[in-house]
Amino acid sequence: DMSAASFAEMYKRDGVKGGHVIMLGKGNEAAAKAALAAYEGGLQVGGGITAVNAKEYLDAGASHVIVTSWIFPNGELDNERLRLLTNTIGRSRLVLDLSCKSTSRGERPSWNVAINRWQTLTNVEISEQTLQSLSGFCDEFLIHAADVEGKQQGMDDELIRFLAEHSPIPVTYAGGAKSLDDLKHCKEISKDKVDLTIGSALDIFGGKGVKYDDCIAFNKGQR
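Procedures and definitions
Residues numbered from 1 in each chain as written. Predicted model: local features only at pLDDT ≥ 70, side-chain atom pairs only at ≥ 80, totals over all residues. Heavy atoms only, no water. Salt bridge = Lys/Arg side-chain N within 4 Å of Asp/Glu carboxyl O. Helix = DSSP H or I, 4+ residues; strand = E, 2+ residues; numbered from the N terminus. Buried < 20%, exposed > 50% of the residue type's maximum accessible area, 1.4 Å probe, protein only. Pairing = 2+ DSSP bridges. Axes fitted to C-alpha atoms, helices over the stretch in contact; angles between N-to-C directions. Arc of directions from axis to C-beta. Parallel < 35°, antiparallel > 145°, perpendicular 65-115°, else oblique. Left-handed = near helix turned anticlockwise from the far one by under 90°. Contact = heavy atoms within 4.5 Å. Polar contact = N/O pair within 3.5 Å; in protein donor to acceptor, adjacent residues only side chain to side chain. Core = buried A, V, L, I, M, F, W, Y, C linked by side-chain atoms within 4.5 Å.

Q: Would you take a moment to explain the pattern of salt bridges for this structure?
A: A pair can form between side chains of opposite charge whenever their charged atoms are brought close. Taken as a whole, this structure holds seven salt bridges when the rule is applied. Across the pair Glu125 and Arg108 runs a salt bridge whose closest N-O atoms are separated by 3.4 Å. Of this pair, Glu125 sits in strand E7 (residues 120-125) while Arg108 sits in the loop between strand E5 (100-102) and strand E6 (111-115); the two residues are 17 residues apart in sequence, bridging distant segments of the chain. Residue classification places Glu125 among the partly exposed residues on the basis of a relative accessible area of 27%. Of the residues examined, Arg108 reaches a relative accessible area of 56% and is grouped as exposed. A salt bridge links Asp181 to Lys184, with the nearest nitrogen and oxygen atoms 3.9 Å apart.

This is the structure we're talking about:
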């Protein structure tokens, strides 16, 4: 029963930077911009972002724009679109969402980027080479483990460890977090190199697994 702007005001009050405002479909632009205005420079925005409208959302108050599907037309990475985006807004304002699904068929874990609400699997593997190459175009990576996202049944530890070892830039992992212990666990197995997003398990979103205030206290204890 809270507006997007109300959540943004709460994050601003508590000094939470880098939260994600995701427009899931059309008709959410006004709400997203209201949130960005309420916490100018404190939130990232994604969902339908392209080189054409990215600056519009940065001007509205976003610290970064989050982009996925637009740079993967037909399920393949379009380097021209990626370069255009970076040249338009600058590397420091771009977050690449490389959300992925497991493609493991043996002992070695592997993942491929998934787009279009994770329904379309691309030919881009989350590899050391991919992370190194794409890091030159953006400021951060946001990576949902789509196989466990929203299920509150545990995180993809192998993916977290892989990102911690191979990502040359800041990376945020999302998917499966269900308790405050998961914050501690992510910090431990990533050696404090991977940030964690908790969504549906949070009490402020109707979840029962973890209290928002406890997460704030945990973050403040890390400073």
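Q: Please clarify how the pairing of E7 should be interpreted in this entry.
A: Looking at chain direction, E6 and E7 are connected through three bridges and run antiparallel. Along E7, the bridge assignment pairs Ala114 with Leu121.

Q: For this particular structure, what's the right way to read the sheet that holds E7?
A: Sheet strands line up and pair through hydrogen bonds in the backbone, either parallel or antiparallel. Spatial strand order, E5-E6-E7: three strands in an open sheet with antiparallel pairing. Looking along the sheet, the strands with just one partner apiece sit at the ends: E5 and E7. The average undirected angle you get between the axes of adjacent strands in this sheet is 45°.

Q: So what exactly am I meant to see when it comes to helix H2 (residues 29-38) here?
A: Residues that lie three or four places apart on an α-helix share one face, since the helix turns once every 3.6 residues. Where H2 is concerned, the buried positions are Ala32, Ala35, Leu36 and Ala38. The buried residues of H2 occupy one face: seen down the axis, they fall within an arc of 165°. More than 90 degrees from the buried face of H2, the exposed residues found are Ala30 and Ala37.

Q: Please clarify how the packing of helix H7 (residues 180-189) against helix H8 (residues 212-221) should be interpreted in this entry.
A: A pair of packed helices is captured by two measures, namely the crossing angle of their axes and the spacing between those axes. As a packed pair, H7 and H8 sit with axes 10 Å apart at the nearest point and diverge in direction by 30°. Relative to H8, the element H7 is oriented roughly parallel. In terms of crossing hand, the pair formed by H7 and H8 is right-handed. Between H7 and H8, the residues in contact are Leu180, Leu183, Lys184 and Lys187 and Asp214, Cys215 and Phe218, respectively.

Q: What should I look at first to understand unusual backbone geometry in this one?
A: Note: most residues except glycine have negative phi, and most peptide bonds are trans. Of note in this structure, Asn74 is not a glycine but carries a positive phi near 60°. Of note in this structure, Lys191 is not a glycine but carries a positive phi near 55°. Using a relative accessible area of 69% as the deciding quantity, one classes Lys191 as exposed.

Q: Sorry if this is basic, but what is going on with the environment of Asn219 here?
A: As for its placement among the helices and strands, Asn219 is situated in helix H8. Here Asn219 falls in the partly exposed class, since its relative accessible area comes to 39%. Separated by 203 residues in sequence, Asn219 and Val16 have C-alpha atoms that sit 8.8 Å apart.

Q: Before we go on, may I ask you to explain the side chain of Ser99 in this structure?
A: Within the secondary structure, Ser99 is located in the loop between strand E4 (94-97) and E5. In this structure Ser99 comes out as buried when scored by relative accessible area, which is 0%. Side-chain polar atoms of Ser99 contact the side chain of Asp97, separated by 2.4 Å. In this structure Ser99 touches Asn112, Val113, Ala114, Trp118, Leu142, Ile143 and His144, once residues within four positions along its chain are discounted.

Q: What exactly am I supposed to notice about the nonpolar core here?
A: Formed by 67 residues in total, the largest nonpolar core has its most connected members in Val65, Leu98 and Phe141. Residues contacting Val65, with those up to four places away along its chain left out, are Val45, Ile49, Ala54, Tyr57, Leu58, Ile89, Arg93, Leu94 and Val95.

Q: Sorry, what's going on with the sheet that holds strand E8 (residues 140-144) here?
A: Pairing is parallel across the open sheet formed by seven strands, whose spatial order is E1-E2-E3-E4-E8-E9-E10. Of all the strands in the sheet, just strand E1 (19-22) and strand E10 (194-197) have a single pairing partner and so form its edges. In this sheet, adjacent strand axes meet at a mean angle of 25° when their direction is disregarded. Relative to strand E2 (residues 43-46), E1 runs parallel, the two sharing four bridges. When the sheet's bridge partners are listed, Ile22 is paired in E2 with Gly46. Contacts from H2 reach E1 and E2, with the element oriented near 165° to E2.

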